[in-house]
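# Structure at a glance
What follows is each chain in one-letter form.
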Amino acid sequence: SRKAQNKPTLCNDANRGRCECGTGDIRTYTWSVDGKQRCASFYLPPDVVSFPVPVMLYSDCYANDKLIKFRPQTEQLARFGLAGVFLSKEGGLTGHWDVQGQPVDELTPDPSRQSCSKDAGGDIAYVKDVLEFIESENHPRKMDKNKIYTYGFSQN
């Protein structure tokens, strides 16, 4: 089963750990999933007047929790009126997405578990936390939980 965790908290100098805190229109949140610090950065175009805004999840397992690859994406997101959420992974070129405690490229499905259930742990739990945060009434960014799209870069 999944270890207890804290809720996503706005990134600042005191809690940043290995996360790069967003600036300007990018807000980064950090929390713990299965005992590991995780980060997710949220972008909302400044000119948006109609809410809620469709969301694009951008994942990059090579970004090592740095925003260098996400910042250029915000120009495209703004052009199309989309909010953006950056999902990343520590480990850089040696990092793997973790599904059910196994690197994705070594995954052997376990028919007794539902691979996308919250107790799957690892990155499934991380993504579920992000989706729950988008859906929460306390989320300050006014994102549309019914219009979530994905893209990204990963060989795993």
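Everything below is about the structure printed above this text.
Reference entry: report on the structure contained in this document.

## Quick word on the side chain of threonine 30
Mapped onto the fold, threonine 30 is located in strand S2 (residues 26–33). Relative accessible area serves as the criterion here: at 5%, threonine 30 is assigned to the buried category. Among the polar contacts made by the side chain of threonine 30, one reaches the main-chain carbonyl oxygen of arginine 38 at a distance of 3.0 Å.

## A few points about the state of the cysteines
Scanning the model with the defined rule gives two disulfides in all. The side chain of cysteine 19 participates in a disulfide bridge whose partner is cysteine 39; the two sulfur atoms lie 1.8 Å from each other. For the disulfide bridge between cysteine 19 and cysteine 39, the dihedral angle about the S-S bond is near -85°, and by the sign convention the bridge is left-handed. Here cysteine 19, found in the loop between strand S1 (9–10) and S2, pairs with cysteine 39, found in strand S3 (residues 36–43); they are 20 residues apart in sequence, far enough to count as distant. With respect to burial, cysteine 19 and cysteine 39 carry one shared label: buried. By sequence-ordered numbering of the bonded cysteines, the protein chain has its disulfides arranged as 1-3, 2-4.

## Let's talk about the packing of aromatic side chains
All chains considered together, the criterion is met by seven aromatic pairs. Ring geometry for tyrosine 58 against tyrosine 151: centres 4.9 Å apart, planes inclined by 45°, an arrangement best described as tilted. Remark: tyrosine 151 occurs in strand S8 (residues 143–153) and tyrosine 58 occurs in strand S4 (residues 53–60); sequence separation between them is 93 residues. When its relative accessible area of 6% is taken as the criterion, tyrosine 58 is described as buried. Its relative accessible area of 30% is what places tyrosine 151 among the partly exposed residues. Aromatic rings pair up to connect Tyr58, Phe70, Phe86 and Tyr151 into one cluster. A cation sits over an aromatic face here: arginine 38 above tyrosine 126, 3.7 Å from the ring centre.

Thresholds applied
Residues numbered from 1 in each chain as written. Predicted model: local features only at pLDDT ≥ 70, side-chain atom pairs only at ≥ 80, totals over all residues. Heavy atoms only, no water. Helix = DSSP H or I, 4+ residues; strand = E, 2+ residues; numbered from the N terminus. Buried < 20%, exposed > 50% of the residue type's maximum accessible area, 1.4 Å probe, protein only. Polar contact = N/O pair within 3.5 Å; in protein donor to acceptor, adjacent residues only side chain to side chain. Disulfide = S-S within 2.5 Å. Phe/Tyr/Trp six-rings, centres within 6.5 Å; stacked < 30°, edge-to-face > 60°. Lys NZ or Arg CZ within 6 Å of the ring centre and 35° of its normal.

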